[in-house]
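Examining the three-dimensional arrangement
Listed below are the residues making up each chain.
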Amino acid sequence: MNSRVKRLAVAALATATATLGLTVANPAPASAAMTICYNTSQAPSYASIANQAASIWNNATTNLTLTANCGTNLRIYQITGGGSYAQRTSLGNGRVYIDTQQAAQYSPLRIMTHEIGHILGLPDNYNGNCAILMSGGSAGTSCTNPYPSTTEANRVSSLFAGTLSANDRRSSTGSQVFKDSWPGLLSVG
Ligand SMILES: [Zn+2]
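Residues numbered from 1 in each chain as written. Predicted model: local features only at pLDDT ≥ 70, side-chain atom pairs only at ≥ 80, totals over all residues. Heavy atoms only, no water.

Topic: the UniProt feature "binding site: Zn(2+)" (unreviewed entry) in the protein chain
According to UniProt, the feature "binding site: Zn(2+)" (unreviewed entry) maps to His114, His118 and Asp124 in the numbering used here. Discounting chain neighbours no more than four positions away, the residues touching His118 are Ala86, Arg88, Pro123, Asp124, Met134, Phe178 and Ser181. Looking at the element boundaries, Asp124 is found in the loop between helix H3 (108-119) and helix H4 (150-161). Discounting chain neighbours no more than four positions away, the residues touching Asp124 are His114, His118, Met134, Phe178, Lys179 and Ser181. Within the local environment of Asp124, its side chain forms a polar contact with the side chain of His118, the two groups lying 3.1 Å apart. (UniProt positions renumbered as here; feature names shortened; annotations may be inferred. Contact = heavy atoms within 4.5 Å. Helix = DSSP H or I, 4+ residues; strand = E, 2+ residues; numbered from the N terminus. Polar contact = N/O pair within 3.5 Å; in protein donor to acceptor, adjacent residues only side chain to side chain.)

Right under this line is the structure:
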């Protein structure tokens, strides 16, 4: 049932119960919590990192749950060269690519939680602040913080709750590729 139809149905139900002299104290929320099934079969070196990143997001947010290998909302790949990036197809759906060379320079867990952050609706925010997850590589290779800030986590929760404005949602939930979050270092030799 799409949300418009659902709203109409809820309205009809409210009218019916009002007619009966009843009240609906807590009508069903517009959107139920989403289970995001991630699959690490194409990223064998980073399966445990992905599990850690999923726990971080699950602990920091509401209205969504990242669960391993129950489906393929989110496919995680490991690649060599070209840079880590995320390809969001819609909110909670897409692909994350972890560049093994970058993961040897930057914290692989920070890369993983950052790239998943794009799938969860967050844009890049290259302000150099290590406390901001979506600052990515702008905070330098010494920054290993894998945790979203409260502001970042709350935005994700709001997106999945469906409580943001239509404009805000549109810019955060559409198909988009997020590249070049981790500046390359000069290679040695
Ligand atoms: Zn990014």
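Considering the coordination of the zinc ion
Of the protein atoms, only His114 (NE2), His118 (NE2), Asp124 (OD) and Ser181 (OG) coordinate the zinc ion, at distances of 2.0 to 2.1 Å. Of note is the zinc ion, whose four donor atoms meet at the metal with angles of 94 to 147 degrees in an arrangement that counts as irregular. In the primary sequence, the donor residues of the zinc ion line up as H-x3-H-x5-D-x56-S. Linking His114 in helix H3 with Ser181 in the segment after strand E6 (176-178), this pair joins segments that are 67 residues apart in sequence. Since its relative accessible area comes to 0%, His114 is described here as buried. (Donors = N, O, S within 2.8 Å, 3.2 Å for Na, K, Ca; no water. Tetrahedral: all angles 85-135°; square planar, octahedral: opposite > 155°, others 65-115°. Buried < 20%, exposed > 50% of the residue type's maximum accessible area, 1.4 Å probe, protein only.)

Describing H3
For H3, spanning 12 residues, the distance from its first C-alpha to its last is 17 Å, which sits close to the expected 16 Å at 1.5 Å a residue. Among the 12 residues of H3, 11 are classified as buried, and the element is accordingly described as predominantly covered. For H3, the complete set of buried residues consists of Leu109, Arg110, Ile111, Met112, Thr113, His114, Glu115, Ile116, Gly117, His118 and Ile119. On its buried side, H3 packs onto helix H2 (47-60), strand E2 (64-68), strand E3 (74-79), strand E4 (85-90), strand E5 (93-99) and E6. (Expected span 1.5 Å × (residues − 1).)

Looking at the pairing of strand E1 (residues 34-42)
Pairing between E1 and E2: five bridges, direction parallel. Bridge assignment links Cys37 to a residue of E2, and that residue is Thr67. Between E1 and its parallel partner E2, the chain crosses via H2, and the hand of that crossover is right-handed. One ladder, built from three bridges, connects E1 with E3; its direction is parallel. Looking at the pairing, Gln42 lines up with Tyr77 of E3. (Pairing = 2+ DSSP bridges. Right-handed = clockwise from strand over helix to strand, strands pointing away.)

Quick look at the packing of aromatic side chains
According to the stated counting rule, one finds three aromatic pairs in the structure shown. Between Tyr77 and Tyr97, the aromatic rings sit 5.1 Å apart at their centres with planes inclined by 15 degrees, giving stacked as the arrangement. Taken together, the positions of Tyr77 in strand E3 and Tyr97 in strand E5 put the pair 20 residues apart, joining distant regions of the chain. Grouping residues by exposure puts Tyr77 and Tyr97 together as buried. (Phe/Tyr/Trp six-rings, centres within 6.5 Å; stacked < 30°, edge-to-face > 60°.)

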